Amino acid sequence: MKRPIIGILTWREGKKFAEPAYFRRLLRAGHELGSTVFLFSPKDVLASGKQVRGYVLDAGGKFKGRIFDRPDAVFDRYRYTPTQAFKDYVAFRRTSNFLYANNRLANKWRVHEVLHRDTRMHRWLPETWLYNRTNLVKMLGRHSLLYVKPLNGTGGRNILSIEKTSEGYRLLGRDKQRAKVATVLKQASSVQRWVDRWTRSEKYIVQQGLRLQLVPARAVDMRLLIQKDGQGDWRITGHGIRVGGERSATSNLHGGGKAIPVATFLQPRFGAERSTQIVEDCEQLAFQTAETLENHFGRMVEFGLDIGIDVNGRAWLIEVNPKPAREIFREMGAVQQYKQAISRPLEYAMYLAKTKGQDSRETRLSAKAANR
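Our subject in this report is the structure included herewith. These numbers were taken from a predicted model, which means no experiment stands behind them.

The rules behind the values
Chains are numbered independently. Their residues run from 1 in the order of the written sequence. In view of the model being predicted, local features appear only for residues whose pLDDT reaches at least 70, and side-chain atom pairs are presented and counted only at 80 or more, with totals across whole chains, interfaces and linings using the full set of residues. Excluding hydrogens and water, the side-chain values take into account all heavy atoms of the structure. Whenever Lys or Arg places a side-chain nitrogen within 4 Å of a carboxyl oxygen from Asp or Glu, that contact is recorded as a salt bridge. Any residue under 20% of the maximum accessible area for its type is buried, any over 50% is exposed, and the rest in between are partly exposed; the area is computed with a 1.4 Å probe on protein chains only. Secondary structure elements are defined from DSSP: runs of H or I of at least 4 residues count as helices, runs of E of at least 2 residues count as strands, and each element is numbered from the N terminus. Each residue after the first adds 1.5 Å to the expected span of a helix. Directions pointing from the helix axis toward each C-beta atom define the arc. In this text, buried Ala, Val, Leu, Ile, Met, Phe, Trp, Tyr and Cys residues form a nonpolar core when linked through side-chain atoms within 4.5 Å. Here, any two strands with at least 2 DSSP bridges between them count as paired. Throughout, an axis means a line fitted to C-alpha atoms (over the contacting stretch in the case of helices), and angles, computed between N-to-C directions, take values from 0 to 180 degrees. Note on contacts: a residue pair is in contact if any heavy atoms of the two residues lie within 4.5 Å.

**Focus: the pattern of salt bridges**
Logical step 1: Within the structure shown, the criterion is met by 25 salt bridges.
Logical step 2: Notably, a salt bridge pairs D118 with R120, separated by 3.0 Å at the nearest N-O pair.
Logical step 3: Residue D118 is classed as buried on the basis of its relative accessible area, which comes to 12%.
Logical step 4: A salt bridge links R120 to E291; the shortest N-O distance between them is 3.5 Å. With R120 in the loop between α3 (108-116) and β8 (128-130) and E291 in helix α7 (residues 272-297), this residue pair connects regions lying 171 residues apart in the sequence.
Logical step 5: For E291, a relative accessible area of 30% translates into the label partly exposed.
Logical step 6: Bridged by salt links that share partners, the residues E19, R77, R79, E302 and R326 form one connected network.

**Things to note about helix α1 (residues 20-33)**
Logical step 1: In a regular helix each residue adds 1.5 Å, so 14 residues correspond to 20 Å; α1 covers 20 Å between its end C-alpha atoms and thus fits that length.
Logical step 2: Among all positions of α1, only Y22, F23, L26, L27, A29 and G30 are buried. Here the buried residues of α1 occupy an arc of 160° about the axis, which is enough to place them on one side. Of the exposed residues in α1, those oriented more than 90 degrees away from the buried face are H31 and E32.
Logical step 3: Where α1 ends, the next residue or the one after it, G34, has phi of about 85°, a positive value.

**Some points on the nonpolar core**
Logical step 1: Counting residues in each nonpolar core, the largest one holds 37 residues, and the members touching the most others are F265, L293, F303 and V320.
Logical step 2: The set of elements that each furnish at least two residues to this core consists of α3, β14 (220-228), β15 (234-243), α6 (262-270), α7, β17 (302-309) and β18 (315-321).
Logical step 3: The next biggest cluster of nonpolar side chains, apart from the first, holds 33 residues, and it includes F17, L26, V37 and F75.

**Topic: the sheet that holds strand β16 (residues 258-260)**
Logical step 1: Strand order in the open sheet formed by five strands is β16-β15-β14-β17-β18, and the pairing between neighbours is antiparallel. Two strands close off the open sheet at either side, each with one partner strand: β16 and β18. This sheet shows a mean twist of 35° between the axes of neighbouring strands, independent of strand direction.
Logical step 2: Looking at chain direction, β15 and β16 are connected through three bridges and run antiparallel. Bridging across to β16, R242 finds its partner in A259.
Logical step 3: Strands in contact with α7 are β14, β15, β17 and β18; relative to β15, the strand with the most contacts, it is inclined by about 120°.

Below you can see the structure in the form of structure tokens.
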């Protein structure tokens, strides 16, 4: 039987790639699974469309290019950057006719709108609006803690928290280089002007902040990874708790956060029985989120969900990432989950290649998304 050919679509400049360590593991996992896997960028597809300049690892673990036949399926790992290269990628996705394991997801506001239209999601969704001065004032009046987030931001960059205190308003954030920013302002009008400057370069949302003070003065959330398996079914690969650095607006690991197993973190605070209920609710949230988004956007392969757990044990969906990192499992020493987190998208792409994307449910969802 012919080895399935799986392409990984990503950014490339020379032999420099966006996620080199992850891609090395992905290429090795593909070899172990018995498939031919290579990296490529939009500019690597030859004019005929029948061949691709792909990149694999040489004997020394360095990237080398050679010509491959057209891939049987493609796993898209091209992540957002505010560049012309990303615009070129978007145009490529609109016109290329590869069999993709994952469609593109919209920005944070559009995702929230899609989720909010499904009443089954309401109990997990914090109040969220597209940012403007009017909505900021409205939200400042309703909530003592807010988050202002870029529509397309990733990795904790440009996220700002606004907390109402006895001193006025405490603003904490991270800029584009993830450097911490902090200030205290007395008046709401000063907050408006300050946030206007913060959001000047792109569009943002303003979101209800949650009292997630399970660790004093630190941001805490659960990162949950849900992925398709080799039979096309959604599975929970795993989850972990991220505790942010001191006086940080986010819990991101590359922003100074640390990873803790869920049971280790929750049981001392809620007890064993309640902790089990909380995890079950988070997993139900994940399955429902995947179903709702896939019904709208078409075929997807994985989601990394950031879930807040408040002091009462209630779960809240903070953010959905369609191209998530999986380093939380490595940080926790969860070797098997980490290995599975890397291999599952390839297993699903191989399943698509074998069935040629003809699974009736997959075909229906992709056609529905294409007509939107």
